[in-house]
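Structural characterization, general
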Amino acid sequence: MMKKKSISASKASLVLFLCQMISALDVPLDSKLLEELLQPPTITQQSPKDYIVDPRENIVIQCEAKGKPPPSFSWTRNGTHFDIDKDAQVTMKPNSGTLVINIMNGGKAEAYEGVYQCTARNERGAAISNNIVIRPSRSPLWTKEKLEPNQVREGDSLVLHCRPPVGLPPPIIFWMDNAFQRLPQSERVSQGLNGDLYFSNVQPEDTREDYICYARFNHTQTIQQKQPISVKVFSMDSLNDTIAANLSDTDIYGAKPVTERQPILLTPTGSSSTKVELRGNVLLLECIAAGLPTPVIRWIKEGGELPANRTFFENFKKTLKIIDVSEADSGNYKCIARNILGSAHHVISVTVKAAPYWITAPRNLVLSPGEDGTLICRANGNPKPNISWLANGVPIAIAPEDPSRKVDGDTIIFSHVQERSSAVYQCNASNEYGYLLANAFVNVLAEPPRILTPANKLYQVIADSPALLDCAYFGSPKPEIEWFKGVKGSILRGSEYVFHDNGTLEIPVAQKDSTGTYTCVARNELGKIQNEVQLEVKDPTMIIKQPEYKVIQRYGQVSFECIIKHDSTLLPTVIWLKDNDELPDDERFLVGKDNLTIMNVTDKDDGTYTCIVNTTLDSVSASAVLTVVARPNPPFDLELTGQLERSVELSWIPGDENNSPITNFVIEYEDGLHESGVWHYQTEVPGTQTTVQLKLSPYVNYSFRVIAVNEIGRSQPSEPSEQYLTKSANPDENPSNVQGIGSEPDNLVITWESLKGFQSNGPGLQYKVSWRQKDVDDEWTSVIVANVSKYIVSGTPTFVPYEIKVQALNDLGYAPEPSEVIGHSGEDLPMVAPGNVQVHVINSTLAKVHWDPVPLKTVRGHLQGYKVYYWKVQSLSRRSRRHVEKKILTFRGNKTFGMLPGLEPYSSYKLNVRVVNGKGEGPASPDKVFKTPEGVPSSPSFLKITNPTLDSLTLEWGSPTHPNGVLTSYILKFQPINNTHELGPLVEIRIPANESSLILKNLNYSTRYKFYFNAQTSVGSGSQITEEAVTIMDEVQPLYPRIRNVTTAAAETYANISWEYEGPDHANFYVEYGVAGSKEDWKKEIVNGSRSFFVLKGLTPGTAYKVRVGAEGLSGFRSSEDVFETGPAMASRQVDIATQGWFIGLMCAVALLILILLIVCFIRRNKGGKYPVKEKEDAHADPEIQPMKEDDGTFGEYSDAEDHKPLKKGSRTPSDRTVKKEDSDDSLVDYGEGVNGQFNEDGSFIGQYSGKKEKEPAEGNESSEAPSPVNAMNSFV
């Protein structure tokens, strides 16, 4: 079969096929072009050369071909024409050359054996198929044969022959028993390539009667079975017994025992053989040997090496397999069978022959009239194949003459071809091992240029990458291709472009300015055509923030960033991978827009995470490694070795370090004898060490455990080791921290730190306590006590030194001699007080005290220091006593002076001094009196400035809390402050100390002054206090304009703002507002007239706003800010009934009726009739109807001249939409019973307000004024 090639769809076109020599079976012809162009036949599908068919099924011989016009088909059988019309069992598929031979309806496959060949023909030529040899498969039965039982002596070799029937194709052989179980094979027992079963030596267990050879014929799916073969193995012992039973005692005979034998080859026989194999096949060489012990087979190639990567050993190395052999594999192969007694070998001479194989297969030619061309057919083989040519299936020697062609061996040369030169040529390469047949047509065409690339095709590429613009073309003669940029651009030339033979224009490095329209022009002598394509160059996709290497502890949280930048016209998709695979399906993995977060990290999350960004044009990726660290796993397999009395070796296996190297191991021990369950630190070793020599103490039942440590922390302890009890011994050490301190004046308390359990070194731990008075020639007094830590010696002198020692002992003996320590018996209180106490006053707050030390003998204990007790008796300035608070200063050691800080000036103090030892304080020295001098006073307790006038201010003050001496005077300093906060000249006044107020006169009017005030003693001035005050402008209290109480009543899209104003009349107000928290400029709305409310419209629902009110022309003052929030937007807005047309019409009709009624009433009154409105009002206290003025939104007045009650300007509506009563009784509450007055969007009130006050009776005969129609309408609402 001819080898196929594939061409990518993006660049493949008919041009490549028609303009270059390409295998016919691979040509992807353009479908539209196929309908128009003539083409000789091409075989596209055919059955194999050697076609073995199942005789039970229909025979299908394939032959498919293409061409224009569609080809017709014919067949030959065994070299002669096969007339399928004359055989009812044979049919040909429509529009195909495939034959179907009907076997299942009475036909016999053997009748159709033969060599078939298919011919596909049209007006341009004829193509032929290979010779297809049809043979039905065969699975004959085993020939019957009489099989004798095989009786074999133990240790001998044996061959069980299979001899399967000859089938087509050959069967597959295998050996089984009656239970259909495969017989076990080994180096001793194995099956050969010919199907025989070989025993290198037989054993008693080989005895059985069901050695069965099976032949499986795959084509017919049948299995044939040989008759069972019986094998009986005689052992030497049983054979000797048999012989002895059949011979007389006088016969001297016995079977020889099993003897070992050197190898001999069972197959192949002899010392050498030959084998021929074809190139490309599998070479199988076999050597099976007999011998005892069972021989081992080894293979070598003489003079070379066995080919690497192609050599395999099978059947326990008895078969050498070399795949895809070539001529280089020819040579001598030696197999060597060896056991302990010797060896045997066999040399197989291998020759590799070759059926023909292509070097250059002929390729189709498409030529224009007058062109030249060649068909080349080159093949190789062993032996070298013969090359022969056919034209349209006929040997070229007898084919019709064509002056344009010339045959030159394996080449046909065409010169100045014409359309009649079109034909299909066959090249046949053959030798004794096979043949090759290839069809190649010569198609002579004359066609004007055609461009097969679609018009205005859009190409999109990434900047700085190649751009390939296709111009798939066809024409005969071959057209020339030119490229232009733009419709009227110049021809493209230069190194920045690459022009491919198939018409493709390549821009190796496309830039943004490469974007545009490109025009391809194809022309030959028969015409010209052009096509436009579009190129768009996009910005590359980049990862501007790549994921970074992370180390995270187990159960933590980690996040990888992947921030990208891409062309705005491309839609990127981001994919995260773990170890180049999809992320685990785990809710712990959270993929965000530009990050990947892993919650509750575990060890299995360790790995490489890759962010891949794909667009339709490019793909970028970035990876980062996540290392999950944790405390190490505990060590295991603790083992104690080398046990000695005072040492042991401990070893262990470290646990997993969990990605953080182990820095050290901590070894702990448990004393199961003395402190079971308590673990103590023993030692630690570096993390690279897994054994340690441990020092041990006697009489301890040791268990050990190991803890691994890394940067994250400590592992759990390992399981304890086995226990190891050391032998008892004398104590190695004595108690520590031995002390002797008396608790009473006549005793000595000896204490020590007891030995721990493992320090006792044995049972029966006790202590020998010894003592004697120091510097006295006295013997040691000793006593042995139990395992305690204290002993009290009574009847000692007060505070004398003693030599003390404590020695440990147990049942085995004493510890080494202990060292001596010095202790003292108990202390008593000191006997005398310090003498010669002197005080030196340094300044008003500090004094120094001196004293003489007491004799050490009178201390009667350890001298700890001296205590100075001092206290203030009285202040010399106030002469008033107060609670005495004594202060104490302690001076450590044998110090004889000290400083007394923090004294109060101008005061009288007393002090005394006492000596201190461990028992307590001694007697006090006589009290010593001393006085501190004057100091500067504290600041005056207060300063008030009252009664401001045009030119004077009154100052009042309080005396200092701490005068610290005799006050001599007060100092007052003051200076004016102008509008820019600059200070004027400073004026100073001295005031007698007995004054507490002062009136400053001759000051400037309307001026701010700053005052500084302090007190003085003879020592100096104290700290000052400051105050500011202002003289007034005139005698009348000024009125400062201000806007206060700004409130809002907010709806969904509007809000009513109201405020109170105090100041001159005729102020011009404005309202400023904006979104709360926004930095945008304030929006400003001007208020018409002097109204004190305003409606803000066009607000956004559910939004917080800030608002403030200001007045123009009054120094630009404003109110403080207020914040309000509009109501939320409603999902389905309620219909406002007041805006409905039917309701407005109804109200108008009602208003008209009321107006008519009023006119009638007015006429009746003028005629003398009385309308009893006034009486009803007086009798029932009906509310007064207060109409609204429409010009300024304020409430109207009653028509009675003596009862004018307009609303106060300062009235306001708070943000909760209720009318609150202010300080004035004349408020909206007085004018209405309810507090639910709602605002319309124009700021007017909806509803009727009723006065709480009764109106005085009308004078004369006048009736009450008729109600206003406006109020009547409002009352309806």
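What you see is a predicted model; the values in this text were computed from it and never measured.

Looking at the overall build of the chain
Counting its secondary structure elements, the chain contains 6 helices and 94 strands. Residue pairs in contact within the chain that sit at least 24 positions apart in sequence constitute 64% of those at least 6 positions apart.

What about the pairing of strand S45 (residues 516–524)?
With 6 bridges connecting them, strand S42 (residues 480–485) and S45 associate as antiparallel partners. Considered in S45, the bridge of Ile-481 is made with Ala-522. Pairing of S45 with strand S46 (residues 527–538) involves 9 bridges; the strand directions are antiparallel. Considered in S46, the bridge of Gly-516 is made with Leu-535. Where S45 folds back on S46, the antiparallel hairpin that results is connected by 2 residues.

A look at the confidence of the model for the chain
In this model, the chain carries an average pLDDT of 84, and 84% of its residues clear a pLDDT of 70 or more. When the criterion is pLDDT under 50, residues 247–255 qualifies, and its contacts beyond four places in sequence or with other chains add up to 7 contacts. Across residues 1169–1277, where pLDDT falls below 50, the model places 164 contacts with residues more than four positions away in sequence or in other chains.

Overview of the environment of Lys-528
By the secondary structure assignment, Lys-528 is in strand S46. In this structure, the C-alpha to C-alpha distance between Lys-528 and Ile-451, residues 77 residues apart in sequence, is 9.9 Å. Beyond its immediate stretch of four places on either side in the chain, Lys-528 contacts Pro-449, Val-521, Ala-522 and Arg-523.

Side note on the state of the cysteines
Per the counting criterion, the structure on display carries 6 disulfides. Disulfide pairing is shown between Cys-162 and Cys-213; the S-S distance is 1.9 Å. Here the S-S torsion is close to -70 degrees, and the disulfide linking Cys-162 with Cys-213 is therefore left-handed. Taken together, the residues span a long stretch of sequence, with Cys-162 in the loop between strand S13 (158–160) and strand S14 (172–176) and Cys-213 in strand S17 (residues 208–217) at a distance of 51 residues. Cys-213 carries the same exposure label as Cys-162, and that label is buried. A sulfur-sulfur separation of 1.8 Å characterises the disulfide bridge that pairs Cys-287 with Cys-335. Because the torsion about its S-S bond is -70 degrees, the bridge between Cys-287 and Cys-335 counts as left-handed. Taken together, the residues Cys-287 in the loop between strand S22 (283–286) and strand S23 (288–292) and Cys-335 in strand S27 (residues 331–339) connect sequence positions 48 residues apart.

Let's talk about unusual backbone geometry
With omega at -5 degrees, the peptide bond leading from Leu-168 into Pro-169 counts as cis. On the secondary structure map, Pro-169 appears in the loop between S13 and S14. Although it is not a glycine, Asp-464 sits at a positive phi angle of roughly 70 degrees. If you check the backbone angles, Arg-860 has positive phi at about 55 degrees while not being a glycine. Mapped onto the fold, Arg-860 is located in the loop between strand S73 (846–852) and strand S74 (863–875). We classify Arg-860 as partly exposed; its relative accessible area is 27%.

Digging into the environment of Leu-809
Structurally, the position occupied by Leu-809 is in strand S69 (residues 801–810). It is 9.5 Å that separates the C-alpha atoms of Leu-809 and Asp-732, two residues lying 77 residues apart in sequence. Here Leu-809 is in contact with Pro-731, Gly-764, Leu-765, Gln-766, Tyr-767, Lys-768, Ile-784 and Tyr-814, once residues within four sequence places are set aside.

A look at the nonpolar core
Counting 29 residues, the largest nonpolar core has Ile-59, Ile-61, Trp-75, Ile-101 and Tyr-116 as the members making the most contacts within it. Put simply, the parts of the chain that give this core at least two residues each are strand S3 (59–61), strand S4 (63–68), strand S5 (72–77), strand S8 (99–101), strand S9 (114–122) and strand S11 (132–136). If you tally residues by element for this core, the top one is S9, at 3 residues. If you look at the next biggest cluster of nonpolar residues, it comprises 20 residues, including Ile-662, Tyr-669, Leu-696 and Tyr-724.

Side note on the sheet that holds strand S52 (residues 581–582)
In a beta sheet, neighbouring strands are held together by backbone hydrogen bonds and run either parallel or antiparallel to one another. As summarised here, the arrangement of the 5 strands in space is S48-S56-S55-S51-S52, forming an open sheet in which the pairing is mixed. Since the sheet does not close on itself, it has two edges, and those belong to strand S48 (550–553) and S52, each with one partner. Relative to S52, strand S51 (residues 573–578) runs antiparallel, the two being bridged by 2 bridges. The residue of S52 that forms the bridge with Lys-578 is Asp-581.

Quick word on the sheet that holds S42
With mixed pairing, 4 strands are arranged side by side in an open sheet as S39-S46-S45-S42. Strands with a single pairing partner mark the edges of an open sheet, and in this sheet they are strand S39 (457–462) and S42. Ignoring which end each strand starts from, the neighbouring axes of this sheet average 30 degrees apart.

A look at the pattern of salt bridges
Following the criterion strictly, the structure yields 39 salt bridges and no others. Here Asp-579 ties to Lys-578 by a salt bridge, and the two come within 3.2 Å at their closest N and O atoms. Through salt bridges with shared partners, one network takes in Arg-153, Asp-156 and Arg-261.

Concerning the environment of Glu-649
Relative to the helices and strands, Glu-649 is located in strand S58 (residues 647–653). Beyond its immediate chain neighbours, meaning those up to four positions away, Glu-649 contacts Glu-639, Leu-640, Thr-641, Gly-642, Val-692 and Gln-693.

Some points on the packing of aromatic side chains
This structure, assessed with the given rule, holds 23 aromatic pairs. Between Trp-851 and Tyr-866 the ring centres are 5.5 Å apart and the planes differ by 50 degrees, which places this aromatic pair in the tilted class. Of this pair, Trp-851 sits in strand S73 while Tyr-866 sits in strand S74; the two residues are 15 residues apart in sequence, bridging distant segments of the chain. These aromatic residues form a ring-pair network of at least three members: Phe-174, Phe-180 and Tyr-214.

Calculation rules
- Throughout this description, residue numbers start from 1 for each chain and increase along the sequence as written.
- Local features are withheld for residues below a pLDDT of 70 in this predicted model, meaning they are given only at 70 or higher, and side-chain atom pairs are given and counted only at 80 or more; totals for whole chains, interfaces and linings count all residues.
- In computing side-chain values, all of the structure's heavy atoms are included and hydrogens and water are not.
- We count a stretch as a helix when DSSP gives it H or I for four or more residues in a row; a strand needs E for two or more, and each element gets its number in order from the N terminus.
- For this analysis, residues touch if any pair of their heavy atoms sits within 4.5 Å.
- By the convention used here, strands pair only if DSSP detects at least 2 bridges between them.
- Confidence scores per residue from the predictor, reported as pLDDT, run from 0 to 100.
- Cysteine sulfurs are considered disulfide-paired once they come within 2.5 Å of each other.
- Only protein chains enter the area calculation, which uses a 1.4 Å probe; residues under 20% of their type maximum are buried, those over 50% are exposed, and those in between are partly exposed.
- Nine residue types can take part in a nonpolar core, namely buried Ala, Val, Leu, Ile, Met, Phe, Trp, Tyr and Cys, and a core is a set of them joined through side-chain atoms within 4.5 Å.
- Interaxial angles span 0 to 180 degrees and are taken between N-to-C directions of axes, which are lines fitted to C-alpha atoms, for helices over the stretch in contact.
- A side-chain nitrogen of Lys or Arg and a carboxyl oxygen of Asp or Glu constitute a salt bridge if their distance falls within 4 Å.
- Working definition: a ring pair exists when centres of Phe, Tyr or Trp rings (six-membered ring for Trp) sit within 6.5 Å. Plane angles under 30 degrees give stacked, over 60 give edge-to-face, the rest tilted.

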